[in-house]
Amino acid sequence: MTWDELEMVQPLAAKMLKNSILKQRVAHAYLFEGEQGLGKKEVSLLVAKSLFCLNIGKNMNPCEQCSNCKRINSLSHPDVHLLEPEGLSIKKEQIRSLQQEFSKSGVESKKKFYTIVHADKMTVNAANSLLKFLEEPNSETTAILITEQIQQILPTILSRCQVISFKPLSFNDLEEKLISDGISPTLAPLLANLTNDPIEAMKLNNDEWFAQARKIVLKLYEVMGKGSLFAMVELQEDWYNHFREKNQIDQGLDLLLFIYKDLLTLQIGRNKQLAYPELQSQFERDMLRNSPAKLAEKMSAILEAKRRLHGNMNPHLLMEQLVLKLQGGSTFV
Ligand SMILES: [Zn+2]
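Since the structure is predicted, the reported quantities are computational estimates derived from the model, not experimental observations. (Residues numbered from 1 in each chain as written. Predicted model: local features only at pLDDT ≥ 70, side-chain atom pairs only at ≥ 80, totals over all residues. Heavy atoms only, no water.)

## Let's talk about the packing of aromatic side chains
Right, on to step 1. Applying the stated criterion to the full structure yields nine aromatic pairs.
Right, on to step 2. Aromatic pair F32 and F166: ring centres 5.2 Å apart, planes at 45°, arrangement tilted. On the criterion of sequence distance, the pair formed by F32 in strand 1 (residues 29-33) and F166 in the loop between strand 5 (162-165) and helix 8 (171-180) is long-range, its members being 134 residues apart. Here F32 and F166 have matching classes, each one buried.
Right, on to step 3. By the ring-pair criterion, three or more aromatic residues cluster together here, those being Y221, Y260, Y276 and F283.
Right, on to step 4. The ring of F230 has K226 sitting right over it, with the charged end atom 5.9 Å from the ring centre. (Phe/Tyr/Trp six-rings, centres within 6.5 Å; stacked < 30°, edge-to-face > 60°. Helix = DSSP H or I, 4+ residues; strand = E, 2+ residues; numbered from the N terminus. Buried < 20%, exposed > 50% of the residue type's maximum accessible area, 1.4 Å probe, protein only. Lys NZ or Arg CZ within 6 Å of the ring centre and 35° of its normal.)

As structure tokens, then:
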């Protein structure tokens, strides 16, 4: 992560942090809050490197080569610490040992830096210890607390932190990020439709089951165009074997839903944010057979199937009924 990258996805956070470093007005404590997957931990390390780097480069980017940058990246710098929950919580002892570490004072310089990940998971005792720590700030100590649940942070702690909010990525930013992280341009739009979280997207991208699921969903859609018999055969041959657990069927239905969402999006004359952009020309042919009202009807049939799935309906029956509805044939069940 560089400042340039951060400026693209989180302009406000980048500006606030960079300014405070440039003007040498770094706060004693920041609270980074926002959803998972927005790079909050990486940004805290970027701030640390920007404070400790021996050879700061253009746009304040740390060099990544000097001994300080390298040790911060490998979490082995004596004056830079990263605290994460041990088990389910951050315990008082963890805060204590951090304080002891710091009271050895000036291992290398006076500057000290620590990050607390999942700060909302501090026990009350840990939070009270931290509070004392924050109340007597050593002038050169910087703390970054990270949370996905700001409402869980004690008000006494909150009031001592400068809050930096990380905004969810827009669809386009997320898609771009996924592609630059190495996800194929074919899959990135689908993943960006499925989740807001780049980490979750990366997991799905590396998941063989998911890749196969996507293929089966597209095949089901294709054979539905040929007739209900073909569709029933496809359900038997591929779908039932692959989509077994409830959450798997649910995800399969989402992937199916995105096909109709794409058709509707194209139907109303837009081609942005398609989940399956590589199928655009096929979808443009298919949409001629469906009015917007018909497409909306099909989408609600899928949503209804999702609801019934969670109401414990037999999944085979559920899929057979859905396929018949999606074919829009005369055999409504
Ligand atoms: Zn450096």
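Don't stop here, the text continues.
## So, the sheet that holds strand 4 (residues 141-147)
Right, on to step 1. Pairing within the open sheet is parallel, and its five strands lie in the order 2-3-4-1-5. Sheet topology places strand 2 (80-83) and strand 5 at the edges, where each strand pairs with a single neighbour. The sheet shows a mean angle of 15° between the axes of neighbouring strands, taken without regard to direction.
Right, on to step 2. For strand 1 and strand 4, the ladder comprises five bridges, and the chain directions are parallel. By the bridge assignment for strand 4, E33 is matched with T147.
Right, on to step 3. Sheet strands touched by helix 6 (residues 124-135): strand 1, strand 3 (112-116) and strand 4. Its angle to strand 3, the strand with the most contacts, is close to 150°. (Pairing = 2+ DSSP bridges. Axes fitted to C-alpha atoms, helices over the stretch in contact; angles between N-to-C directions. Contact = heavy atoms within 4.5 Å.)

## A word on the environment of Q282
Right, on to step 1. Relative to the assigned elements, Q282 resides in helix 14 (residues 280-286).
Right, on to step 2. Through-space distance from the C-alpha of Q282 to that of L263 is 9.8 Å; in sequence the pair is 19 residues apart.

## A word on the pattern of salt bridges
Right, on to step 1. All chains considered together, the criterion is met by 15 salt bridges.
Right, on to step 2. Two residues, K219 and D238, come together in a salt bridge whose shortest N-O distance is 3.7 Å. Residue K219 is found in helix 11 (residues 208-224), and its partner D238 is found in helix 12 (residues 228-242); the two are separated by 19 residues along the sequence.
Right, on to step 3. With a relative accessible area of 38%, K219 lands in the partly exposed category. (Salt bridge = Lys/Arg side-chain N within 4 Å of Asp/Glu carboxyl O.)

## A look at the coordination of the zinc ion
Right, on to step 1. At the metal site, the zinc ion is ligated by C53 (SG), C63 (SG), C66 (SG) and C69 (SG), and these contacts range over 2.3 Å.
Right, on to step 2. For the zinc ion, the four donor atoms are set out with angles of 102 to 119° between them, so the coordination reads as tetrahedral.
Right, on to step 3. Going along the chain, you hit the donors of the zinc ion in the pattern C-x9-C-x2-C-x2-C. Placement of the pair is C53 in the loop between helix 3 (40-52) and helix 4 (67-73) and C63 in the loop between helix 3 and helix 4, with a sequence separation of 10 residues.
Right, on to step 4. Classification of C53 as buried rests on a relative accessible area of 11%. (Donors = N, O, S within 2.8 Å, 3.2 Å for Na, K, Ca; no water. Tetrahedral: all angles 85-135°; square planar, octahedral: opposite > 155°, others 65-115°.)

## Structural notes on the layout of surface pockets
Right, on to step 1. In this structure, the largest pocket encloses a volume near 650 Å³.
Right, on to step 2. Together, 27 residues line the largest pocket, and G37, L38, G39, E42 and K177 are the ones closest to its centre.
Right, on to step 3. In the lining of the largest pocket, the residues fall into 11 nonpolar, six polar and 10 charged.
Right, on to step 4. By volume, the second largest pocket is sized at about 340 Å³.
Right, on to step 5. Around the second largest pocket sit 15 residues that line it, and I21, Q24, V26, L51 and K111 are the ones nearest its centre. (1 Å grid on protein atoms, 1.4 Å probe; cavity = no way out; pocket = protein on both sides within 12 Å on 5 of 7 lines; lining within 4 Å. Points joined across faces, edges and corners; volume = space filled by probe spheres on them. Nonpolar A, V, L, I, M, F, W, Y, C, P; charged D, E, K, R; others polar.)

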